[in-house]
Amino acid sequence: MSTSAPLRQAPETSMSTPRRRTPAVGTSRLGRGLLWGLCGIVGLWLIVPVLVVIPLSFTGKPSLKFPPDSWSTRWYANFFADTAWTSALWTSVEVALLVTVVATALGTAAALGLTRARVRGLGAAQGAMLAPMIVPGVVLAIGTYSVFLKLQLVGTLAGFVMAHTVLALPFVMIPVTASLRGFDRRLENAAASLGAGSWTTFRSVTLPLVAPGVASGALFAFVTSFDEVVVSLFIQSPYLQTLPVKMYASVTRETDPTIAAAATMIIVLTTTLVFTATFFVARRNRAQ
Amino acid sequence: MPSSTTPAPLSGAAPRGRGGNRLAGRGARIELIDLSKRYGDFAAVDEVSLVVEPGEFMTLLGPSGSGKTTTLNIVAGFVGPTSGSLKVDGAAIESTPAHKRDMGVVFQHYALFPHLTVAENIAYPLKRRGIPKARRAELIGTALDTVHLGEYGHRYPRELSGGQQQRVAVARAIVYSPRVLLMDEPLGALDKKLRDWLQLEIKRIHAQLGTTFVYVTHDQEEALVLSDRIAVFNHGRIEQVGPAGELYERPGTLFVAKFLGESTVLRGDTTRDGDGSAVGVCARTLRAPGHIEGPRAAIIVRPERLAVRPAGDRPEPGWNALPATVAGEIYLGSSRKLELTLPDGSPALVREQAGALSDVRKGDEVTLTWRVEDSVLLPDDPDVEAVFT
Ligand SMILES: Nc1ncnc2c1ncn2[C@@H]1O[C@H](COP(=O)(O)OP(=O)(O)O)[C@@H](O)[C@H]1O
Ligand SMILES: [Mg+2]
């Protein structure tokens with residue numbers, strides 16, 4: 001779960017603060033050394049939890065003692081043998097995929113509307129949609145829970161998808177908005193003059209050209225949903241749990257290293273996704 | 001053709017136009033009737049009326065900010081007029097969306113789709129019209145040949161030079177034989193040499209296709225090279241419409257006279273004098289044909305109509321004369337320009353053809369003469385100086 005924290009920062013910082021030149025301090029040898037040292041410490045700080053969890057998942061003993069003094073893959077076997085773990089994993093994947101589709105569609109539409117509409121209250125609308133990024137998770141969780149109780153959405157797949165979509169929306173809107181800002185709207189006039197209606201223009205010109213932003217939005221939506229824990233804890237039921245919820249429940253009750261195996265798999269999945277996406281976006285940008 | 005509600009499908013055998021190009025079609029007649037576009041209190045286009053005849057090459061010429069692009073965008077359907085109407089072949093189209101107007105548009109910054117190859121860019125309007133693949137390939141080939149880019153179909157726009165990209169944009173705009181081709185400063189981003197060549201290319205393509213062209217530029221030379229007629233824009237209004245020769249020889253306003261070609265402007269108070277008018281300039285009386293309203297007049301004389309004589313020469317009957325000092329000369333090979341200064345300090349410009357050069361030099365006192373009928377009498381317009389200085 002620690003993996004997603006720095007990821008989430010990425011689109012936010014590149015959006016809200018226009019790219020500035022680094023001021024010309026720290027060009028001296030000492031300054032540069034200091035900078036490297038500081039970066040090293042921050043990097044280490046972020047990565048240490050991962051460096052602990054991965055070895056832990058291969059421990060031979062049924063305890064979370066670190067460092068392990070014997071090795072095995074029994075906790076992975078245990079994970080896949082236990083239907084409580086596998087069904088939680090399956091629920092998480094299912095919810096995350098649905099959220100990816102819904103949040104990407106809604107977030108892209110919202111970004112289009114917000115960059116182009118000329119009406120009052122646009123800023124307020126944008127603020128409301130980006131709010132889930134700032135409002136504390138617990139506050140959102142309590143609100144969601146009380147509404148879901150009334151609507152009987154607690155412990156349902158639809159409930160998870162809706163709640164996670166709200167959380168994922170800002171992470172779609174931000175990169176898509178950035179892509180749209182760089183999009184030359186004269187191309188849409190050109191398409192219209194050539195006989196394309198507004199939907200055809202969107203599908204054949206606008207969307208392909210903002211695709212990198214949409215793709216990274218989709219990725220962030222998936223990751224946001226896949227490792228969401230606070231809101232999910234509130235709206236879960238014993239019959240429908242996501243993987244992070246199951247892990248939380250497990251760690252509070254027992255000291256079973258299966259949780260480390262689950263965490264390692266989440267880390268591998270999310271980092272693979274992000275690296276692949278980054279690679280493709282970089283290659284595309286170079287091509288254009 | 002009635003105001004089609006969908007882009008007109010291409011017939012199997014397009015009618016051959018004047019030049020026999022397979023993309024040739026019939027041009028449409030366009031009528032702008034009292035068109036205005038306001039942004040708040042500001043009128044970007046102010047009651048513009050203009051008729052463009054089928055197959056005509058009409059240029060909208062004017063300084064930057066005079067409303068040319070807005071007018072063109074209203075015709076293309078990118079901007080809705082605040083008031084007025086727009087007809088194509090007699091049918092009102094103000095409420096027809098851009099994608100159903102069947103017009104080709106070429107933009108200053110090319111507006112090629114960067115994610116599509118040249119051939120795919122040109123195929124784009126054909127796909128929208130449901131043209132089958134085999135016919136598409138044929139038309140793309142013809143369009144690329146027309147702009148001399150036959151070998152470039154598989155390239156991406158970023159792999160082409162500016163001039164090549166603009167030619168692709170032209171190919172894309174003509175491949176579906178639209179009844180109107182609109183161009184907004186298409187050569188504005190290119191260097192002079194390329195521009196001169198592409199002007200001739202555009203003229204050739206116009207002759208081959210027979211389509212109605214509406215062309216926007218702020219470059220008067222370009223307008224002179226290309227146009228059948230020119231509409232001169234100023235402050236959102238059309239000052240004058242006509243063939244280049246007419247605008248040059250008989251400008252209707254001081255603005256048109258100064259915007260198109262070079263001239264000497266002589267200002268003074270005017271009174272009626274028989275058939276013509278008398279204008280007091282530099283304590284002398286000049287004569288010009290016709291009359292104007294109001295007391296302040298400007299006489300316009302084109303440089304090739306002026307001649308220099310020895311100082312003190314008396315004017316013959318039917319000629320005007322003013323004393324002047326030679327301030328400089330510019331030798332141009334086939335001609336020579338003399339820059340003169342009049343007694344009130346204002347400049348005058350004389351063009352002499354090679355073979356008929358006078359032997360005056362810088363600093364000489366001379367007499368400047370011209371025929372009375374070569375004087376164009378216009379109402380003075382103090383605003384005009386602001387535009388040109
Ligand atoms: N969307 C707009 N909002 C406000 N003013 C505009 C807009 N578009 C054009 N204008 C103004 O209208 C005037 C004419 O613009 P334009 O038609 O682009 O002139 P031109 O093409 O002759 O340079 C300019 O003063 C411009 O600032
Ligand atoms: Mg313009």
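Here the residue numbering is sequential within each chain, running from 1 through the sequence in written order. Chain labels run from A onward and ligand labels from 1 onward, assigned in the order the entries are written. Selection of residues for local features in this predicted model requires a pLDDT of at least 70, selection of side-chain atom pairs for listing and counting requires 80 or more, and totals for whole chains, interfaces and linings are taken over all residues. Processing note: side-chain calculations cover all non-hydrogen atoms of the structure and skip hydrogens and water entirely.

(A) Inspection of the interface of chain A and chain B at higher detail. By definition, residues are in contact when any of their heavy atoms lie within 4.5 Å. At the interface, 20 residues of chain A touch 20 residues of chain B. Note: buried area is the sum, over both parts, of the accessible area (probe 1.4 Å) each one loses when the two are combined. Carbon and sulfur atoms supply 67% of the area buried between chain A and chain B, which totals about 1700 Å² over both sides. Its largest share of buried area at the contact with chain B, chain A owes to Arg186, Ser193 and Leu194 of chain A, together 35% of the area lost on that side. Just to be clear on terms, a salt bridge is a Lys or Arg side-chain nitrogen sitting within 4 Å of an Asp or Glu carboxyl oxygen. Scanning the region where chain A abuts chain B turns up 0 salt bridges. Pairs of N or O atoms within 3.5 Å make up the polar contacts considered here, provided that, within protein, one atom can donate a hydrogen while the other can accept it, and that residues adjacent in sequence are counted only when both atoms are side-chain atoms. For the pair chain A and chain B, the interface holds 4 residue pairs in polar contact (both at pLDDT 80 or more). Secondary-structure elements contributing two or more residues to the side of chain A that touches chain B are α8 (186-193) and α9 (198-226) of chain A. Three residue categories are used. Nonpolar comprises Ala, Val, Leu, Ile, Met, Phe, Trp, Tyr, Cys and Pro, charged comprises Asp, Glu, Lys and Arg, and polar comprises the others, including Gly. In the side of chain A that touches chain B, the residues fall into 10 nonpolar, 8 polar and 2 charged. Each helix corresponds to a stretch of at least 4 residues labelled H or I by DSSP, and each strand to a stretch of at least 2 residues labelled E; elements are numbered beginning at the N terminus.

(B) Structural view of α8 of chain A. The classification of residues rests on relative accessible area computed with a 1.4 Å probe and restricted to protein chains. Under 20% of the type maximum is buried, over 50% is exposed, and intermediate values are partly exposed. For α8 of chain A, a buried count of 6 out of 8 residues is recorded, marking the element as mostly surrounded by other parts of the structure. Taken as a whole, α8 of chain A has its buried residues at Leu187, Glu188, Ala190, Ala191, Ala192 and Ser193 of chain A. Turning to α8 of chain A, the residues buried within the fold contact α4 (83-116) and α9 of chain A together with β6 (103-106), α2 (118-128) and α4 (162-174) of chain B. Of the residues one or two after α8 of chain A, Gly195 of chain A is the one with positive phi, at around 110 degrees.

(C) Molecular detail of the confidence of the model for chain A. All names here are of chain A. Per-residue confidence from the prediction method is given by pLDDT, with values spanning 0 to 100. With 89% of its residues at a pLDDT of 70 or more, chain A has an overall mean of 86. Per-element confidence in chain A is highest for α8, whose mean pLDDT is 96, and lowest for helix α1 (residues 4-16), whose mean pLDDT is 39. When the criterion is pLDDT under 50, residues 1-21 qualifies, and its contacts beyond four places in sequence or with other chains add up to 24 contacts.

(D) Looking closely at the nonpolar core. For the purposes of this section, nonpolar cores are sets of buried Ala, Val, Leu, Ile, Met, Phe, Trp, Tyr and Cys residues that join through side-chain atoms within 4.5 Å. Counting residues in hydrophobic clusters, the biggest one holds 107 residues, and the most contacted among them are Phe113, Ile122 and Leu182 of chain B. Looking at which element gives the most residues to this core, the answer is helix α7 (residues 157-181) of chain A, with 11 residues. Contact partners of Ile122 of chain B, with chain neighbours within four places excluded, come to Ile140, Ala143, Leu144, Val168, Ala171, Arg172 and Val175 of chain B. Core analysis: the next-biggest nonpolar cluster, separate from the first, contains 24 residues, Ala324, Leu338, Leu340 and Leu377 of chain B among them.

(E) Broad picture of the site of ligand 1. Residues and elements named next belong to chain B. Note on terminology: near, applied to a residue and a molecule or strand, indicates that one of the residue's heavy atoms is within 4 Å of it. The environment of ligand 1 is made up of Tyr39, Phe42, Ala44, Pro63, Ser64, Gly65, Ser66, Gly67, Lys68, Thr69 and Thr70. Contacts to ligand 1 include Ser66, whose backbone N or O atom sits 3.1 Å from an oxygen atom. Between ligand 1 and Lys68 there is a distance of 2.8 Å, counted from an oxygen atom to a side-chain nitrogen or oxygen. Out of a free accessible area of 560 Å², ligand 1 has 59% covered by protein chains. To be clear on the numbers: accessible area is Shrake-Rupley with a 1.4 Å probe, and residue cover counts the displayed protein chains and nothing else.

(F) Examining the sheet that holds strand β9 (residues 229-234) of chain B more closely. All names here are of chain B. Only strands that DSSP links by at least two bridges are regarded as paired with each other. Here 6 strands make up an open sheet; going across it, the order is β6-β7-β8-β3-β9-β10 and the pairing mixed. What marks the edges here is a single partner per strand, and that holds for β6 and β10 (237-242). Neighbour-to-neighbour, the strand axes of the sheet open up by a mean angle of 15 degrees, direction not taken into account. Note: strand β3 (residues 57-61) against β9, 4 bridges, orientation parallel. Across the sheet, the residue bridging to Leu60 is Ala231, located in β9. Note on method: axes are straight lines fitted to C-alpha atoms, helices fitted across the in-contact stretch only, with angles between N-to-C directions ranging 0 to 180 degrees. Together, β3, β7 (180-184) and β8 (212-217) form the strand contacts of helix α5 (residues 192-209), whose direction differs from that of β8 by roughly 160 degrees.

(G) Geometry of unusual backbone geometry. Following Phe66 of chain A, the chain continues into Pro67 of chain A via a peptide bond in cis, with omega recorded as -5 degrees. Mapped onto the elements, Pro67 of chain A comes out in the loop between α2 (29-57) and α3 (74-81). In this model, Gln152 of chain A sits at a positive phi of 55 degrees, which is unusual for a non-glycine residue. Looking at where Gln152 of chain A falls in the secondary structure, it is placed in the loop between α6 (137-151) and α7. Gln152 of chain A gets classed as exposed once you look at its relative accessible area, which sits at 66%. We note that Asp34 of chain B has phi near 50 degrees; this positive angle belongs to a residue other than glycine. Looking at the secondary structure, you find Asp34 of chain B in strand β1 (residues 30-39). On the basis of relative accessibility, which here comes to 37%, the residue Asp34 of chain B falls in the partly exposed class.

(H) Up close: the packing of aromatic side chains. Here the aromatic set is Phe, Tyr and Trp, taking the six-membered ring for Trp, and pairing holds for ring centres within 6.5 Å; pairs whose planes are under 30 degrees apart are stacked, those over 60 apart are edge-to-face, and all others are tilted. Scanning the model with the defined rule gives 11 aromatic pairs over all chains in all. Plain terms: the ring middles of Phe255 of chain B and Phe259 of chain B are 5.6 Å apart, the flat faces sit at 15 degrees to each other, and that makes the pair stacked. One end of the pair, Phe255 of chain B, and the other, Phe259 of chain B, are both in helix α8 (residues 254-259), 4 residues apart, so they sit about a helical turn from each other. On the basis of relative accessibility, which here comes to 0%, the residue Phe255 of chain B falls in the buried class. Taken together, the ring pairs in this structure connect Phe79, Phe80 and Trp85 of chain A into an aromatic cluster. Over the ring of Trp85 of chain A we find Lys246 of chain A; its NZ or CZ atom is 4.9 Å from the centre of that ring. Two conditions define a charge located above a ring, namely a distance within 6 Å from the ring centre to NZ of Lys or CZ of Arg, and an angle within 35 degrees of the ring normal. Residue placement shows Arg302 of chain B over the ring face of Tyr248 of chain B; its charged tip is 4.1 Å from the ring centre.

(I) Spotlight on the pairing of strand β17 (residues 335-341) of chain B. All names here are of chain B. Most of β17 is tucked away, with 5 of its 7 residues classed as buried. When strand β16 (residues 319-331) meets β17, the two strands line up antiparallel, connected through 6 bridges. Residue pairing across strands places Thr325 opposite Thr341, the latter belonging to β17. A loop of 3 residues connects β16 with β17, the two strands running antiparallel in sequence, and Gly333 in this loop sits at a positive phi of about 85 degrees.

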